[in-house]
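# Coordinate inspection notes
Below are the chains, spelled out letter by letter.
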Amino acid sequence: MDKLEEIFRLQDELNKRIGVDTGALDEKGKAEWVLNYTRALQQETAELIDSVPWKWWAKYQKFDEQNARVEVVDLFHFLVSLAQVLGMSAQDVYDAYAKKNKVNHNRQDSGYSAKNEDDSRHI
Ligand SMILES: O=c1ccn([C@H]2C[C@H](O)[C@@H](COP(=O)(O)OP(=O)(O)OP(=O)(O)O)O2)c(=O)[nH]1
C-alpha cells in the first residue's frame, strides 16, 4: 500500500478510537474539528519551536533535533486529521499538492513580482 494511503488509514483508525469519526461529521461538527485540529497544530508548532534554542536571552538551551522530529510527526497526525475532516483522501491531498507545487514553480519562473489571484483557483 502507498505510504500516504497507509498514514491516512492509521490516522482514521486512531481518531475513531479516540472517539472522532472525521468522515461522519455534520457542518457544525466539521467547523468544530477544523478548529480543534488547527489549535492542536498550533500547540505542536510551539513545542517544535521549543526544540530549538530560540530564547535569545537564555544560554542554557540546546537544539533537541530528535524531539523536533517527534514534533514533526505529531504535526503530521493533526494535519492528516484536518484533511480528513475536510473530506480529503490521500489521493486528493497528493493531487492538490502536485497542482499547487506546479503553480509555485510557475510563479518562480515568472519572477513572482505580482500576485495573480486566479493562478491557483483550479486547485
Ligand atoms: O485526536 C487526536 C489526538 C491526538 N492525536 C495524536 C497526535 C500526536 O501524535 C499525539 C499528541 O498527543 P499529546 O498532546 O498527548 O502528546 P504530546 O504532548 O505532543 O506529547 P509528546 O510530544 O511528549 O509525545 O496524539 C491524534 O492523532 N488525534
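Residue positions are given per chain, counted from 1 along the sequence in the order it is written. Two thresholds apply to this predicted model, a pLDDT of at least 70 for residue-level local features and 80 or more for giving and counting side-chain atom pairs, whereas whole-chain, interface and lining totals are computed over all residues. For the side-chain quantities, the full set of heavy atoms in the structure was used; hydrogens and water were omitted.

Only one rule defines a salt bridge in this text: a Lys or Arg side-chain nitrogen within 4 Å of an Asp or Glu carboxyl oxygen. Summed over all chains, the structure comprises six salt bridges. The salt bridge involving Arg121 is made with Asp118; its shortest N-O contact spans 2.7 Å. Each of Glu6, Arg9 and Glu13 takes part in salt bridges that share partners, so that together they form one network.

Our next topic: the packing of helix H1 (residues 3-18) against helix H4 (residues 90-109). Interaxial angles span 0 to 180 degrees and are taken between N-to-C directions of axes, which are lines fitted to C-alpha atoms, for helices over the stretch in contact. Comment: elements are numbered from the N terminus, with helices defined as DSSP H or I runs of at least four residues and strands as E runs of at least two. Running from amino to carboxyl end, H1 crosses H4 at an angle of 130°, the nearest separation of the two axes being 9 Å. One finds that H1 runs oblique with respect to H4. Here Leu4, Glu5 and Phe8 of H1 lie close against H4, whose contacting residues are Ala90, Gln91 and Val93. All residues other than Ala, Val, Leu, Ile, Met, Phe, Trp, Tyr, Cys, Pro, Asp, Glu, Lys and Arg, Gly among them, are scored as polar; the first ten of these are nonpolar and the last four charged. Of the residues contributing to the contact of H1 with H4, the split by class is four nonpolar, one polar and one charged. Any angle from 65 to 115 degrees is called roughly perpendicular, while one under 35 is roughly parallel, one over 145 is roughly antiparallel, and all others are oblique. Contacts are assigned to residue pairs that have any heavy atoms within 4.5 Å of one another.

Treat this as a map of the structure, not an account of what it does.
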